[in-house]
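# Examination of the molecular architecture
The chain contents come next:
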Amino acid sequence: MKLIILDRDGVINHDSPDFIKSPAEWIPIPGSLEAIARLNQAGYRVVIASNQSGIARELFDMTTLNAIHQKLHASAQLVGADIDAIFFCPHAAIDNCDCRKPKAGMFEEISKRFKVSLKGVPTVGDSLRDLQAGFRLGCVPYLVLTGKGEKTQQTGGLPPGTQVFPDLASMVQSFLKTAAQRPD
Ligand SMILES: [Mg+2]
Ligand SMILES: [Zn+2]
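Residues numbered from 1 in each chain as written. Chains lettered and ligands numbered in written order. Predicted model: local features only at pLDDT ≥ 70, side-chain atom pairs only at ≥ 80, totals over all residues. Heavy atoms only, no water.

As annotated in an unreviewed UniProt entry, the protein carries the name D,D-heptose 1,7-bisphosphate phosphatase and is attributed to Massilia phyllostachyos.

Right, let's talk about the coordination of the zinc ion (ligand 2) for a bit. In this structure, Cys89 (SG), His91 (ND1), Cys97 (SG) and Cys99 (SG) serve as the protein donors to the zinc ion (ligand 2), at separations of 2.0 to 2.3 Å. The coordination sphere of the zinc ion (ligand 2) comprises four donor atoms, whose angles at the metal cover 100 to 117°; the geometry is tetrahedral. Mapped onto the sequence, the donors of the zinc ion (ligand 2) take the spacing C-x1-H-x5-C-x1-C. Since its relative accessible area comes to 0%, Cys89 is described here as buried. (Donors = N, O, S within 2.8 Å, 3.2 Å for Na, K, Ca; no water. Tetrahedral: all angles 85-135°; square planar, octahedral: opposite > 155°, others 65-115°. Buried < 20%, exposed > 50% of the residue type's maximum accessible area, 1.4 Å probe, protein only.)

Two modes of strand pairing occur in sheets, parallel and antiparallel, and in both the strands are linked by backbone hydrogen bonds. With parallel pairing, the six strands of this open sheet are ordered in space as β3-β2-β1-β4-β5-β6. On the outer flanks of this sheet lie β3 (83-89) and β6 (163-165), each paired with one strand and no other. Adjacent strand axes in the sheet meet at a mean angle of 25°, parallel and antiparallel pairs treated alike. Bridge count for strand β1 (residues 2-6) against strand β4 (residues 122-125) is two bridges, and the pairing is parallel. Paired with Leu6 across the two strands is Val124, which belongs to β4. Those strands touched by helix α1 (residues 32-41) are β1, β2 (44-51) and β3, and its axis lies near 135° from that of β2. Running at roughly 155° to β3, helix α2 (residues 62-78) makes contact with β2 and β3 of the sheet. (Pairing = 2+ DSSP bridges. Helix = DSSP H or I, 4+ residues; strand = E, 2+ residues; numbered from the N terminus. Axes fitted to C-alpha atoms, helices over the stretch in contact; angles between N-to-C directions. Contact = heavy atoms within 4.5 Å.)

Under the counting rule described, the total for this entry stands at seven salt bridges. One salt bridge connects Asp9 with Arg8, and the closest N-O pair in it is separated by 2.7 Å. Among the ionic pairs, Asp130 bridges to Lys101, the shortest N-O distance being 2.9 Å. Residue Asp130 is found in helix α4 (residues 128-136), and its partner Lys101 is found in the loop between β3 and α3 (105-114); the two are separated by 29 residues along the sequence. Among the residues examined, Lys101 registers a relative accessible area of 2% and is labelled buried. What emerges from the salt-bridge pattern is a single network uniting Asp7, Lys101 and Asp130. (Salt bridge = Lys/Arg side-chain N within 4 Å of Asp/Glu carboxyl O.)

With seven of its eight residues buried, β2 lies for the most part within the structure. As judged from the five bridges shared by β1 and β2, these two strands associate in the parallel manner. Within β2, the position partnered with Ile5 by the bridge is Val47. Across six bridges, the pairing between β2 and β3 is parallel. Bridging across to β3, Val47 finds its partner in Ala85. Traced from β2 through α2 to β3, the parallel crossover comes out right-handed. (Right-handed = clockwise from strand over helix to strand, strands pointing away.)

Listed below in structure tokens is the structure:
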């Protein structure tokens, strides 16, 4: 099974320092949904792993998060993209849960749900903690420079082997080209 794990804010949609608190604030980055469609066409199942501490901070509730994700799914469908599942952590750092990235809890859940090892599974994020979480389970890290990506690149400390791309569209273009040259 071919699987890819994406962060949400700053990778698929524009991020905001004030959090994405409503469907209206969820705005896709140009080309990101089309890139997901291309992944699907190449046989990849696309899964999201997203920290959503705005829930714990009571900036928005589960009903709103579901509405945001309905918009995400609907926008994806319009361009023929399919997102298999959205895993999210609703906790804040002080909750000390196991799912908030950089911890690997959501990635462990994904591994269990899809009954696959995450060794070699690509994961795309704009924050260091996205890449650290996946790297713990053997994911191959990709940093995009959208969202917090530029700041993340400047700060450094990326997991070894992290590849950097301007955005999800360019990452996917290069990734699929390389994958096509490689036997499964
Ligand atoms: Mg992000
Ligand atoms: Zn959590």
